[in-house]
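Single-letter residue listing:
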Amino acid sequence: MRDALAIARQAFATDDVPVGALIVNADGVVVGTGFNEREANNDPTAHAEVVAIRNAAARLQKSRLDGCTLIVTLEPCAMCAGAIAQSRISHLVYGAWDEKAGAVGSVWDVLRDPRSIFKVEVTAGVLQAECAELLKEFFSDK
């Protein structure tokens, strides 16, 4: 999670919300990284999770990321939760809760909904205070 926080800080340069993500394979090797690039690229889908998934899929030359773990500083939204499920990521680890748009426990729970055909192991609240503090720092300037 500390690596994801370092990645998140890169978003400050583009005036994007500082969310960072990384994907590691079953051997613990980082295969993809991403931070929010919505403002930088005028792309509403360029959330950190989606950028990291695209990066990992391109690097691994496959669309299914079975056995991989996504580590992200903020609870994924519904779009990102859907992308996580569709990419077949096996494990999600996130830091801060998103009580406005979170879709993995706060507002919705897309990944653990019993109707979901894709099962993702979820670990929430890792370095929660540090992840939340980075967001507070960003928004205090707005």
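For clarity, every value in this text was computed on a predicted model and none was experimentally measured.

Please clarify how the pattern of salt bridges should be interpreted in this entry.
Pairs can form between side chains of opposite charge once their charged atoms are near each other. Taken as a whole and judged by the stated rule, the model has 4 salt bridges. A salt bridge links Arg115 to Asp113, with the shortest nitrogen-to-oxygen separation between them at 2.6 Å. With a relative accessible area of 71%, Arg115 lands in the exposed category.

Explanation requested: a nonpolar patch on the surface in the structure shown.
Together, Val107, Trp108 and Val110 make up an exposed nonpolar region whose accessible area comes to about 260 Å². Position of Trp108 among the secondary structure elements: in the loop between β4 (91–96) and β5 (121–124).

What exactly am I supposed to notice about the nonpolar core here?
The tendency in soluble globular proteins is for nonpolar side chains to be buried side by side. Core analysis: the largest hydrophobic core is formed by 40 residues, its most contacted members being Ile23, Leu70, Ile84, Leu92 and Leu111. Sorting the residues of this core by element identifies α1 (2–8), β1 (20–24), β2 (30–35), α3 (48–60), β3 (69–74), α4 (78–86), β4 and α5 (128–140) as the ones contributing at least two each.

Whenever I open this one, the sheet that holds β5 confuses me. Can you help?
Sheet strands associate in pairs through backbone hydrogen bonding, adopting either a parallel or an antiparallel arrangement. Read across the sheet, 5 strands follow the order β2-β1-β3-β4-β5 without closing on themselves; strand pairing throughout is mixed. Taken across any chain shown, the strands that pair with only one partner, and hence form the sheet edges, are β2 and β5. Sheet twist, expressed as the average angle between the axes of neighbouring strands with direction ignored, equals 15°. Relative to β5, β4 runs parallel, the two being bridged by 4 bridges. The residue bridging His91 from the neighbouring strand is Glu121, located in β5. Seen against the sheet, α5 touches β3 and β4 and runs at an angle of roughly 60° to β4.

Please clarify how α4 should be interpreted in this entry.
Within α4 the residues assigned to the buried category are Cys80, Ala81, Ile84 and Ala85. Buried residues of α4, viewed axially, fall in a sector of 140°; they line one side. The secondary structure elements touched by the buried residues of α4 are α3, β3 and β4. Directly beyond the C-terminal end of α4, a positive phi value near 65° is found at Arg88.

Teacher, can you tell me more about the UniProt feature "domain: CMP/dCMP-type deaminase" (unreviewed entry) in the chain here?
Per the UniProt record, "domain: CMP/dCMP-type deaminase" (unreviewed entry) is found at residues 1–107. Spanning residues 1–107, this segment combines 31% helix with 21% strand, and its end C-alpha atoms are found 23 Å apart.

Whenever I open this one, the state of the cysteines confuses me. Can you help?
Note on terminology: a disulfide is the covalent bond linking the sulfur atoms of two cysteines. Inspection of the entire model under this criterion finds 0 disulfides. No disulfide involves Cys77; its sulfur sits 3.7 Å from that of Cys80, the nearest cysteine. With a relative accessible area of 0%, Cys80 lands in the buried category.

Would you take a moment to explain unusual backbone geometry for this structure?
In this structure, Asn42 is a non-glycine residue whose phi angle is positive, near 50°. Mapping Asn42 onto the fold places it in the loop between α2 (38–41) and α3.

When you look at the packing of aromatic side chains in this model, what are you seeing that I'm missing?
Enumeration according to the criterion identifies 3 aromatic pairs in this entry. Here Phe12 and Phe138 contribute two aromatic rings whose centre-to-centre distance is 5.8 Å and whose plane-to-plane angle is 55°, an arrangement assigned as tilted. With Phe12 in the loop between α1 and β1 and Phe138 in helix α5, the pair connects residues that are 126 residues apart, well separated along the chain. With relative accessibility at 30%, the residue Phe12 sits in the partly exposed group. Ring centres of Tyr94 and Trp97 lie 5.4 Å apart, and the angle between their planes is 85°; on these two criteria the pair is classed as edge-to-face. Its relative accessible area of 0% is what places Tyr94 among the buried residues.

Definitions and limits used
Residues numbered from 1 in each chain as written. Predicted model: local features only at pLDDT ≥ 70, side-chain atom pairs only at ≥ 80, totals over all residues. Heavy atoms only, no water. Salt bridge = Lys/Arg side-chain N within 4 Å of Asp/Glu carboxyl O. Buried < 20%, exposed > 50% of the residue type's maximum accessible area, 1.4 Å probe, protein only. Patch = residues over 30% accessible without salt bridge, like charges linked within 9 Å, V, L, I, M, F, W, Y side chains within 5 Å. Areas by Shrake-Rupley, 256 points an atom, 1.4 Å probe, with all protein chains shown as cover. Helix = DSSP H or I, 4+ residues; strand = E, 2+ residues; numbered from the N terminus. Core = buried A, V, L, I, M, F, W, Y, C linked by side-chain atoms within 4.5 Å. Pairing = 2+ DSSP bridges. Axes fitted to C-alpha atoms, helices over the stretch in contact; angles between N-to-C directions. Contact = heavy atoms within 4.5 Å. Arc of directions from axis to C-beta. UniProt positions renumbered as here; feature names shortened; annotations may be inferred. Disulfide = S-S within 2.5 Å. Phe/Tyr/Trp six-rings, centres within 6.5 Å; stacked < 30°, edge-to-face > 60°.

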